Amino acid sequence: MPKSWEALGEVLNKEVQDAIKSLNFPFMTPVQAAAIPQLLNKKDVAAEAVTGSGKTLAFLIPVLDILKKKELEEKWHKHQIGAIVISPTRELALQTKLVLDQLLESVTNLKEILFVGGNSVEEDVKNFKDIGGNIVICTPGRLEDLLTRRQDINLPTAVKNLEVLILDEADRLLDLGFQKSLDTILSYLPRQRRTGLFSATQTKEIQDLIRAGLRNPVLVSVSAKAQQSTPDLLQNYYILAKNDGKLAALLSFLQQKQVKKAICFFPTCACVDYWSRVFPHIMSKDVNLPVLAIHGKMKNKRKNILESFKSKEKALLLCTDVMARGIDIPEVDWVLQWDPPASASSFVHRVGRTARQGQTGSSIIILLDNEECYVNFIETNQRVKLNRIDDVSSRDQIDDLRENIRRLQMKDRVLMELATKAFVSHVKAYSKHECSLLLRLKELPLGALAASYGLLQLPKMPELKNRDLSDFPIVNNFDTNNVPYRDKTREAIRLKKLNEYKQTGIWPSKKTKFIKKPTEAWSTAKKCKEARKEKRLKRKQAKEASKVEGKGKGKKRKGISEEDMEELKKDIALFKKFKKKKISNEEYEKAMGLL
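What comes next is a walk through the structure.

Conventions used here
- Residues numbered from 1 in each chain as written.
- Predicted model: local features only at pLDDT ≥ 70, side-chain atom pairs only at ≥ 80, totals over all residues.
- Heavy atoms only, no water.
- Buried < 20%, exposed > 50% of the residue type's maximum accessible area, 1.4 Å probe, protein only.
- Helix = DSSP H or I, 4+ residues; strand = E, 2+ residues; numbered from the N terminus.
- Pairing = 2+ DSSP bridges.
- Phe/Tyr/Trp six-rings, centres within 6.5 Å; stacked < 30°, edge-to-face > 60°.
- Salt bridge = Lys/Arg side-chain N within 4 Å of Asp/Glu carboxyl O.

### Structural notes on the pairing of strand 2 (residues 83–86)
Then step 1. Across the two faces of strand 2 the burial is the same, with Ala83 and Val85 and Ile84 and Ile86 all buried.
Then step 2. Bridging between strand 2 and strand 4 (residues 135–138) involves four bridges; their strand directions are parallel. Paired with Ile86 across the strands is Cys138, a residue of strand 4.
Then step 3. Note: strand 2 against strand 5 (residues 164–168), four bridges, orientation parallel.

Now the structure itself:
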């Protein structure tokens, strides 16, 4: 197995060698040393390697070399796609594009194009028509859309000469429900290609995908199974917080460790929205970390937020698992987790946002007393050992934080509503946890958890029924109707509705403006339904008749005539006779009109 790039000197294209030198990476990582030679030798590869191990270069280098060598036979046209790299998220796709752009500075006559959400499909179509692209970096949904779009682009023709298909973070592609999209994409691609699957974990779904999309693949595993599934330079910790003290434990930790750049994972988008508004008001001046937020429901903002976080020397990024895979952010010293992730494998991907490319890093997860069993679970299931750090927060700090948050909510109804939404979404997410046998909702102290969110009152939800909620401090003499919106227009509308509610006992809504349609006799309704059905049938018959007569606005006639069907049956019967050796090759070709 080659240790350095020079070992591949005689194999790689000269321009590709120059591109590697521009990166200043003298040595290969294990996954690069194992996967690159296999792809160059025309093998399909399924690679499993720990996060941050250099998988991106492990497939980009072979892609460039394969396309450059193919160029010796025939030059790539700008609308001829030679390679496709499919990523689960637009952030990961954009990151791959940035690495590829750097490599292409030393490689001529090859162009790349990005197909991801966040911009319109029409814009992607225009870019491909005007600029073209030999290497497509994309998300599966957008690529499927473009492949099945026939009106203004013919992408299926462009991929006929495809040489390489790469599925990056393949397990995440399946976790996000892209199986059908991948099946559709594979149906458009030529079978004579090289395929690479790169992932930090191997699942049953991945094995199914390997069997469906790869031909005799070489399995590459460099995940250090005997020891751990996270990088060697990553230290993992946990804190056991008080039932209502998770927030205090996290803020005390940030202050104690003097964290400079950190990513904090939350279970839902609503939690990220809420805490991103609260953190700047409650964080100690000693911490002094700008707070940024990113989650999957943000569409056009995500790119700018990510770039802003990368450029800052000190910052705290609050996010969901949309940032858990493959994203490479320099100088992240800590990964923080508000809650155990939904799946055990997600833990590995989350903590892998630090200690990348040979750098040191640390992670910590905040657990409650009833969740301590998660420590042994994650060590057994994912080979990740967690060391305990003491919670240095005090009871006074917990109470002060709760009251400060409540005061913030009393001044802003939007914040109060966000707090309730965040808490409810947290509980719903917890109930769907993969480790529900260990992390049981009925053991979660919901009253104390609501207190840590600073709720002014408990929401009405089935999970709170028949539960001991005595650990939730009630706000005395408080009426939520007195909490205003900061927006004066919105507050005026609310007060108007509130006044109407006090008079009528019914809260006004858009639905009340519409007059209910009077009921009609069953026989009358049936006659109307039959009339509509008959009308649709006549329209359909008229449309089909116009197509037969050639008046279908240039559209091709659909269906096969009986005469054509009989001809096809005869050809199939003749072919079966030939396969069973009932007729000779000469008789078959003569009957088919080939002689």
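From this point, the discussion proceeds with the structure in view.
### Quick notes on the packing of aromatic side chains
Then step 1. Counted according to the given criterion, the structure contains 16 aromatic pairs.
Then step 2. Between the aromatic rings of Trp275 and Phe279, the centroid separation amounts to 5.7 Å while the plane-to-plane angle is 70°, which identifies the pairing as edge-to-face. Taken together, the residues span about one helical turn, with Trp275 and Phe279 both in helix 12 (residues 269–282) at a distance of four residues. Each member of the pair, Trp275 as well as Phe279, carries the same accessibility label: buried.
Then step 3. Aromatic side chains Trp338 and Tyr453 sit 6.2 Å apart centroid to centroid with 85° between the ring planes, which places their arrangement in the edge-to-face category. A residue pair is termed long-range when its members are at least 10 positions apart, and Trp338 in the loop between strand 12 (334–337) and helix 14 (344–351) and Tyr453 in the loop between helix 18 (446–452) and helix 19 (488–504) qualify at 115 residues. Tyr453 carries the same exposure label as Trp338, and that label is buried.
Then step 4. Clustering of aromatic rings is evident, with ring pairs tying together Phe266, Tyr274, Trp275, Phe279, Trp338, Phe423 and Tyr453.

### Quick look at the pattern of salt bridges
Then step 1. Inspection of the entire model under this criterion finds 26 salt bridges.
Then step 2. Salt-bridge contacts for Asp399 lead to Arg402; the nearest nitrogen and oxygen are separated by 3.1 Å. Here the residue Asp399 and the residue Arg402 both occupy positions in helix 16 (residues 395–411), the gap between them amounting to three residues, near one helical turn.
Then step 3. Note on Asp399: relative accessible area 23%, which makes it partly exposed.
Then step 4. When the shortest N-O distance is used, the salt bridge between Glu403 and Arg406 registers 3.6 Å. Pair noted here: Glu403 and Arg406 are both in helix 16, with a separation of three residues, about one helical turn.
Then step 5. Look at Glu403 and you get partly exposed, because its relative accessible area is 30%.
Then step 6. Judged by relative accessible area, Arg406 falls into the buried class, the value being 3%.

By themselves these figures say nothing about function.
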